Structure formats: structure tokens, C-alpha cells
Amino acid sequence: MAPIIKTEKITHVYSTGTVFEQAALTGVDFQAERGEYVGIIGHTGSGKSTFIQTLNGLIKPTSGTVFFDGTDIRQSKARTREVRFKVGLVFQYPEYQLFEETVFKDIAFGPKNMGLPENEVSERVREAASFVGLGAGELEKSPFELSGGQRRRAAIAGVIAMRPQVLIADEPTAGLDPSGSAEIIANIGAYRRSAGATVVIVTHNMDEIARNADRVAVFDRGRIIIDASPAQTFARGEELTAMGLGLPSAAMIAARLRERGLRLPDGIITAEGLRAALREFKKGAGGGNA
Amino acid sequence: MLRDVTIGQYFPGGTPIHRLDPRTKLVWTVIFITALFMARGALSYALMLCVLAGCVFASRVSARALMGSIKPMLIIICITAILNVFFTRGEVIARLWVISVTREGLISAAYMASRLVMLISGTFLLTYTTSPIALTDGIESLLGPLKKIRLPVHELAMMMSIALRFIPTLIEETDKIMSAQKARGADFETGGLIKRAKALLPILIPLFISAFRRADELAVAMESRCYHGGEGRTRMKKLRMTSRDCAALALGAALPALIVVTNMLSGA
Amino acid sequence: MEMPDIIEPVSGGGGVPDAVLTAENLTYSYRAREGELPPRVLDGIDMDVGRGAFVAVLGHNGSGKSTLAKHFNAVLLPVGGRVLVEGMDTSDERLTLDIRRAVGMVFQNPDNQIVASVVEEDVAFAPENLGCPSEDIRRRVDEALRVVGMSEYGGHSPHLLSGGQKQRVAIAGVLAMEPKCIVFDEPTAMLDPRGRGSVIRIIRRLCGELGVTVVLITHHMDEAIGADRLIVMSDGRIVMDGTPREIFSRPDALAAYGLDTPETVSLLRGLREDGFDVPLDALTVDECADAILSALAVRPA
């Protein structure tokens, strides 16, 4: 089966022909499989925000091709529009895009634009709201009566309601407190499992990536320079640090322990992984060579 | 792309134009605009163009940046020019159905268009080379005498400076909101006038809400930094007229006189 | 009313002689709709912040921590109780300017606190408001930009700077008032890790080297590790107050207030369940590694 989304050598130059001209992407090849959870990391200005907007056709790359389910998303205007709904994109601070009188109407904006009949729209709104834990009571409220975290979740529901096969989110937890962040990550995970959707998340939270992602793409100066499993990615700690990116705490502690002579296996990136390794170590130590 | 819009931006620099007192530049701009409206005939227009070109050259503002400022006004310029073509009487050189194109019409359209382009470039040159704070300081100082008749000069100047400061921020924000709504299938490009106007609501409402939120936060931040109106406020950079400013103003005063001469020479 | 879960008793009522900030039974509520009881955003806050201290205030969104912050420079005035800044009552309007120059505030969104279109002119805004002479303003601006490491950006336009750089400019804008105390209201919430790191380093320096009293409102646990004292807020009340070590070693209490522990503490807690004899108060990566090594009885090689 073809990857659900794929890019071939996409390059994008901003403000071509003006004083502000700058290349945001240079020859990016990327692909994601159905149901995959991909984390995208890179510091601000590395091109990751531009990149995700090429995936649903919002930004037309200067050169290169984006494929959705095997066909070029720019094959025809109708195709581009269709892909817009199949590749859902949640922007940073999406709560600032809410505009309708009620949360229900706001979530319905996407499905309505798809031209769905009334009953289908309201079914999708309710379904999307339930993924993000908003009840019937909240749906009738004005978005501005909700708390910050709820508003963010309502905005995410507005994208989920389109039932995208690929859900992309740009720093969906930025500015939220720990419990608010955890809820959002859980909501997105619930949608992924239930719809079998691919999830692409841009984040600075390495612990979150270590826990959830199947694969990590690291952006630096408009290129993907690492595209590997979280364990393989975080094994290249020095490179990441040089780029100004962090490591998961467990990986840092494991590295420190190795420096001090503790023999730990490679690829420890989560607290659970480190605990398991330390249990093994203790067993081994108690088992004879102590 | 919205982010290419350069309206009201300031390009820091150290050219003689940048270093002029903002009041000098303001007065100069007013003189320039007056002269522009006085100008008749090719010679006067050529003189104005030379003056403008000289200022652009001296300020090292790139032609691209200037073009960027004219681009959004292009439609207005075109409409004005077209109206001039159709509604000026004179020697008919072409006929389209009931509309006749006259030689006088074409000439007047060309003058009108170049006048508008020079007007826009001249004003933008002012904002490109003068920091908004300096600009508002200049306005405040020039309008100072009006304080006596209780005109809130300081407040007006402060409002203008903040508006200029937030233009790029709000343009960026509009861009973001537009993209976010497009990602949910909003369509701004097709349909009749009413449909398109309606399609703007998902952009305008969040934009207004965000502008209010920003205004609110900014007010608190300004108060926190001891802002309490213009009373007792001092300045880091005091406005000071130098000999360079005097020279520039003298040149400025000569401009309308020169235009009167060139107008006569072109026989207008 | 249940008693707040306070580890180290806080002395209320101006008990600390050299307090920069004091809140006494501070209560605040927004105006409610007709017929409804106004919800209390702050409910009987008693606290002191001593001179030169670095106090972090933690709390989930909506816990009242930002409302508390705005009381320290008279942006909000108490509905009940009082707030003293260097002994000055914030409710006394004649003192407002003196209070605001003593306590600077840095807010979350760097874009919405920069007034001018040129960096140095923005930094000059506060001293200009205070009516300082030109040369003095110049000196303050240069000094403030130097402290935040933005000297070379004096002539730049703020909107072309990164979020972290903008926030440093905002800090310089407050430093130019030469305040005794700076309250940071979630200054890193909108920044990327690089920007966060640079801002936190500056905050630590302000307190450590320049002796500025710092109150840092945050929900990033790792930023609070470096503080001398940590206050946890929930539902408008102070529910925990102690050193970071004391507070972070009580993960269950924190969780009940909607907060996490730093990843290091979560790991140590897991290891305890696994039967390792590790303390819970090793907060930094290094301390955590040391704790694990000593629990394994392995000598560092």
C-alpha cells in the first residue's frame, strides 16, 4: 500500500523577488504510513511550520510534489480541495480562530464547507466533541465562555469533525499547563486509534515524543536531517544539542549514568525504559558478579 | 502573500535622510504633496520625479520595497486612471460602444496615475526612513501649539505610534487566521459579492477579538511601565534641528517656487 | 474550610521585617452577573516575599496565579485585605507610580508589551514616563540591553526578532526602571526551548548577580527547580509553600492540584516502586543520576 502522505523534493522560497526572500525548505523528502504517529522537531525557523502547510496544500511549494494516497494533491483544483479535508491541520494556538456564536457552530464550520447534509454535520460535530471531551452543555455555549484548555480542544474538534485521514497539529499543547497538555495528547491519540488516522505532531516536548511517537523527523535549516525511530534519534544527543534541541529527561539521565560507568543498553528514552534497564542491572548485579 | 505588505514599516538606516529631524521630514512631505498638486505639464512632473528619485536614492530604500507599497494601491490607481480616460472630453481617438477614448483623457490618466504613484512613494519614504516614535514625536511637536486649544496632541501621537507598531503584528495575525480557516475549507475566492463578504466573517471576528485582547494586554503593560499620559514625560532622543535640517527646509521651500516656474515653462 | 497544606509556615501580617511584597488576607473577585455570587479568584492570600528572594508560584490554568501577580504592581486592587509593596499600600492612588517603578512586570506575550517599533526606543519607554533626563535614559537603556544580552539589537525592529529575543527586550524595558523586584507572569509560555532557556538564565542572573527580587509565575516545573521558594496555588488559595525539594517530593499532593512533578522525580518515584532506595528530592539530571548510582551502590568510575 502506498504511504498515505508523501513529499518529493519539496522546496519553498518565501517572498520570491523581494528583499525578504529566504528559503524555508530545500528538497524535503518525507512520507508517513497509515496510522503512524510522527513527531516533528526543530527549532523556530527550521522550516517545520512551512512544511506542514505544504502537506494540505495551503502552501504551494516552489518546486517538488506532495502526494496524498498516491496521487499529486495539485492534480486538479477539486483534488486540492478534497485533500484539504483529508489532511486536517491544527495551527498553533488554534483557539484564536474560533468565531461562531456557539461551540457547536464553530466545530460545524469544516463539515459545512465540505457540503455535507445537516444531519451528517451534526453527527460529526457530536462525534468530534466527544473525542475532545466536550459535552452537550459546552456545545451550546459561546466559545468565549469556555476555559483556555476547553477552547483549544474545541478548536481541535473543528478539525477532527472533517474526519481527516491525516491529522497534523503544530504545537498543540503550547502554553497549557501539564494536565491540559496531557488531555490534548490523549484526545489526539483517541482519534488516531478510532479512525486509524496518521498523526503528525510538531512539538518541543521531547518526553512526549519519546512516549508516543513511532518516528521522528528532525528539521534543521529547511531540511530533514534525521528521520528515524525516537530511540535512534535521541541516540544522536550531541547533534540535537548542537541544534539547540533538548533530549527526553530519561535519555539525559541514562547518558549521565553511562558516563559514570554504568553499563546500560542503548535506546533508553522513557522513564519506563530506564526503570526496566535498572531492574535488569540490579538483578544482574545481585545474580553473582557483585 | 500578506506578509509581503510593507505599509508603515520602518527600515532602520543611517543615511542623511534617516538622520534628518522628523519635523523636517514631515514638513518636507507636506511641501512635496502640495507641489505635486500644483504641478502641471511634463516639465513639472519631471522635476517632481527627479526630486523623489533623489530622495529615494539618498535614503537607500530599495526600489523593491517602494514597489511593495504601491502594489496594494494598484487597483485604486488603475480605477482612477480608467475613469480619467473615459470621462475627459476632447479629441476622440477610439470608440468602444458608447464610450469614447480621447487623447486628453489618456494624457490626464497618465498624469493622474503618476501623481498618485509619487504621492504614495513620497509618504512611504517618510515612514520607511523615520521610526514611528520619531514620527509621532515630530507630529506632537509640530502640533504642540494646538495643546493650548485642548487638543489631546500627545494622546493622538501615541495612538498613531502604537497603530504603526501593530500593523506588522496584525498583518501576520490575519495571515495566520486566514490559513487556519482555509484549513477548515473556507473559500475566499469563489462566489458572488455577498458570499465573499460573508466568507470574511471567519477572519474578521477572530481578528477583532485578538486586536481587543492585544489592546487590553498592551494597556496593562504600558501602565506597568509607569505610563500616565504625556505629563512629565521626557525623551531619550530630544528632537534637535541641525544645520542639515535648515538646508533641507530651505530646499523644500524652494520646491513650490520651482514648480511655479516649470508650470509656466510648460505653458500650463 | 480545610487548612492549606503548608509545609513551612508563612508569616502573615507583615511579620517579615524586610519584605518587598506582602499580601494580607488578599481577596479578589471579578464582577459577577446579577443574582450570582461573584466567584472568588483570590481567597485570603497571606504571603511575604523577602528582599533578594527568588520565589516561584506554580498553579494550573485558572488557579489565580496571574491575578495574584497583577496585584503586586497595583494593576489590580484588592477587593478585600491589602497588598504592600515596600510598605506602600497599593490601594493608595498617590503611591501608584512609586509602586510600579519598584515592581516591574513581564507578561506572557512578548508582542503585546512592546510599545515602540525600535528596540532601544521601547526600552526607553519606562524611564521616559518617569521623566528621567535624556542622558540618564540613555545610560539605563544601554545598561538594560547589556544585561539581557541584546546590546547589538538596539536599532532593530522588534517584530523581526524571535520570541525569546522579544521577551528579552521586554525584560530590558522593565529593567530600565531599575526596579527592586520583577514579577514574571508566565514569561516563557509562548517561547520555544531555546528562547525559554535564555529567558530563564536571565531571570536567574537578575536574582543571583543583580540582587533583584524575583517572583516567577509558571507552570513549567523545571523552571521552578532553581527557585529558593515555591508557592503552589489552587482555586485562589495558597495550598503549598516550601522549598522546591520539599514540594516536589510530594508528587501526590501536586497531582491533586493538577500539577506534574519534574520528570526526574517521576522517575525516582517509579524506581522506589521497583524497590530501589532512592530519595525523591533529586531534582536535576545530575542529582538524579547520583541518587541512582548510590542506590545501586556503584562507585562512579
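Residues numbered from 1 in each chain as written. Chains lettered and ligands numbered in written order. Predicted model: local features only at pLDDT ≥ 70, side-chain atom pairs only at ≥ 80, totals over all residues. Heavy atoms only, no water.

Draft legend 1. Expanded view of the overall build of chain C. Along the backbone of chain C there are twelve helices and ten strands. In terms of overall dimensions, chain C is globule-like: its C-alpha atoms have a radius of gyration of 21 Å, near the 19 Å expected for 301 residues. Its C-alpha atoms give chain C principal-axis dimensions of about 65 × 55 × 40 Å. Within chain C, the fraction of its 301 residues that count as buried is 60%. (Helix = DSSP H or I, 4+ residues; strand = E, 2+ residues; numbered from the N terminus. Rg over C-alpha atoms; globule rule 2.2 N^0.38 Å. Buried < 20%, exposed > 50% of the residue type's maximum accessible area, 1.4 Å probe, protein only.)

Draft legend 2. Expanded view of the pairing of strand 6 (residues 103-106) of chain C. Residues and elements named next belong to chain C. The side-chain alternation of strand 6 yields two buried faces, one formed by Val103 and Met105 and the other by Gly104 and Val106. The sheet contact formed by strand 6 and strand 7 (residues 181-185) spans four bridges and is parallel. Considered in strand 7, the bridge of valine 103 is made with cysteine 181. (Pairing = 2+ DSSP bridges.)

Draft legend 3. Spatial organisation of the confidence of the model for chain C. Confidence in the prediction of chain C, expressed as mean pLDDT, is 88, and 91% of residues score 70 or more. For this predicted complex, the interface score ipTM comes out at 0.89, alongside a pTM of 0.85. (pLDDT = per-residue confidence, 0-100.)

Draft legend 4. Just the nonpolar core, in detail. In this structure, A:Leu257, A:Leu278, C:Val232, C:Phe248 and C:Ile292 are the most contacted members of the largest nonpolar core, which totals 80 residues. Other than its neighbours up to four places away in sequence, C:Phe248 contacts C:Leu58, C:Met221, C:Ala224, C:Ile225, C:Leu230, C:Leu254, C:Thr261, C:Pro262, C:Val265 and C:Leu283. Grouped together as the second largest cluster of nonpolar side chains are 49 residues, A:Ala129, A:Ala197, A:Leu247 and A:Ala251 included. (Core = buried A, V, L, I, M, F, W, Y, C linked by side-chain atoms within 4.5 Å. Contact = heavy atoms within 4.5 Å.)

Draft legend 5. The arrangement of the sheet that holds strand 5 (residues 88-89) of chain C in detail. All names here are of chain C. Pairing within the open sheet is antiparallel, and its four strands lie in the order 2-1-4-5. Lying at the two open borders of the sheet, with one neighbouring strand each, are strand 2 (40-50) and strand 5. Two elements, strand 1 (residues 19-29) and strand 2, share eight bridges in a ladder whose sense is antiparallel. Residue pairing for strand 2: threonine 27 is matched across the bridge by aspartate 43.

Draft legend 6. Representation of the packing of aromatic side chains. Residues and elements named next belong to chain A. Scanning the entire structure with this criterion turns up nine aromatic pairs over all chains. Judged by centre distance (5.2 Å) and plane angle (80 degrees), the ring pair of phenylalanine 30 and phenylalanine 51 falls under edge-to-face. Here phenylalanine 51 lies in helix 1 (residues 48-55) and phenylalanine 30 lies in strand 2 (residues 22-32), a separation of 21 residues in the sequence. For the pair phenylalanine 30 and phenylalanine 51, one class covers both residues: buried. (Phe/Tyr/Trp six-rings, centres within 6.5 Å; stacked < 30°, edge-to-face > 60°.)

Draft legend 7. Expanded view of the interface of chain C and chain B. In this assembly, 38 residues from chain C lie in contact with 33 residues from chain B. Taken together, the links from chain C to chain B amount to six salt bridges. Where C:Glu121 meets B:Lys237, a salt bridge forms, and the shortest distance between an N and an O atom there is 3.6 Å. Our count for the chain C to chain B interface comes out at 16 residue pairs in polar contact (both at pLDDT 80 or more). Among the elements of the structure, helix 2 (96-102), helix 3 (119-123), helix 4 (125-129) and helix 5 (134-147) of chain C are those that each provide at least two residues to the side of chain C that touches chain B. Per element, the largest residue contribution to the side of chain C that touches chain B is five residues, and it comes from helix 4 of chain C. The residue inventory of the side of chain C that touches chain B, partitioned by class, reads 18 nonpolar, eleven polar and nine charged. (Salt bridge = Lys/Arg side-chain N within 4 Å of Asp/Glu carboxyl O. Polar contact = N/O pair within 3.5 Å; in protein donor to acceptor, adjacent residues only side chain to side chain. Nonpolar A, V, L, I, M, F, W, Y, C, P; charged D, E, K, R; others polar.)

Draft legend 8. View of unusual backbone geometry. One non-glycine residue, A:Arg221, lies in the positive phi region at around 45 degrees. Mapped onto the fold, A:Arg221 is located in the loop between strand 9 (215-220) and strand 10 (223-228). Not every positive phi belongs to a glycine, and C:Glu186 is a case in point at roughly 45 degrees. The topology assignment puts C:Glu186 in the loop between strand 7 and helix 7 (193-208).

Draft legend 9. Representation of the packing of helix 5 (residues 74-87) of chain B against helix 6 (residues 103-129) of chain B within the structure. Residue and element names in this part refer to chain B. Between helix 5 and helix 6, whose axes approach to 7 Å, the crossing angle comes to 160 degrees. Taken together, the axis directions place helix 5 and helix 6 in an arrangement best described as roughly antiparallel. Along this stretch, helix 5 crosses helix 6, giving a crossing that reads as right-handed. Across from Ile77, Thr80, Ala81, Asn84 and Val85 in helix 5, the residues of helix 6 making contact are Gly105, Leu106, Ser108, Ala109, Met112, Ala113, Leu116, Val117 and Ile120. (Axes fitted to C-alpha atoms, helices over the stretch in contact; angles between N-to-C directions. Parallel < 35°, antiparallel > 145°, perpendicular 65-115°, else oblique. Left-handed = near helix turned anticlockwise from the far one by under 90°.)

Draft legend 10. A look at the pattern of salt bridges. Scanning all chains against the criterion turns up 55 salt bridges over all chains. Between C:Glu24 and C:Arg82 there is a salt bridge, with its nearest N and O atoms 2.8 Å apart. Of the two residues, C:Glu24 sits in strand 1 while C:Arg82 sits in strand 4 (residues 80-85), which places them 58 residues apart along the sequence. Several salt bridges converge on common partners, so that one network encompasses A:Glu120, A:Glu123, A:Arg124, A:Glu127 and A:Arg163.

Draft legend 11. Broad picture of the domain arrangement of chain A. Residue and element names in this part refer to chain A. Split by domain assignment, chain A resolves into domain 1 (5-247) and domain 2 (248-290). For domain 1 versus domain 2, the separation of C-alpha centres amounts to 35 Å. Listed by partner, the interface residues are eight residues for domain 1 and six residues for domain 2. Between domain 1 and domain 2 lies a buried interface of about 620 Å² when both sides are counted; carbon and sulfur atoms form 72% of it. Summed over the shared surface of domain 1 and domain 2, the result is zero salt bridges. Counting only elements with at least two residues in the side of domain 1 that touches domain 2, the list comes to helix 8 (206-212) and helix 9 (230-234). Considering each element in turn, the side of domain 1 that touches domain 2 owes the most residues, four residues, to helix 8. (Domains from an automatic or database assignment. Buried area = accessible area lost by both parts, 1.4 Å probe.)

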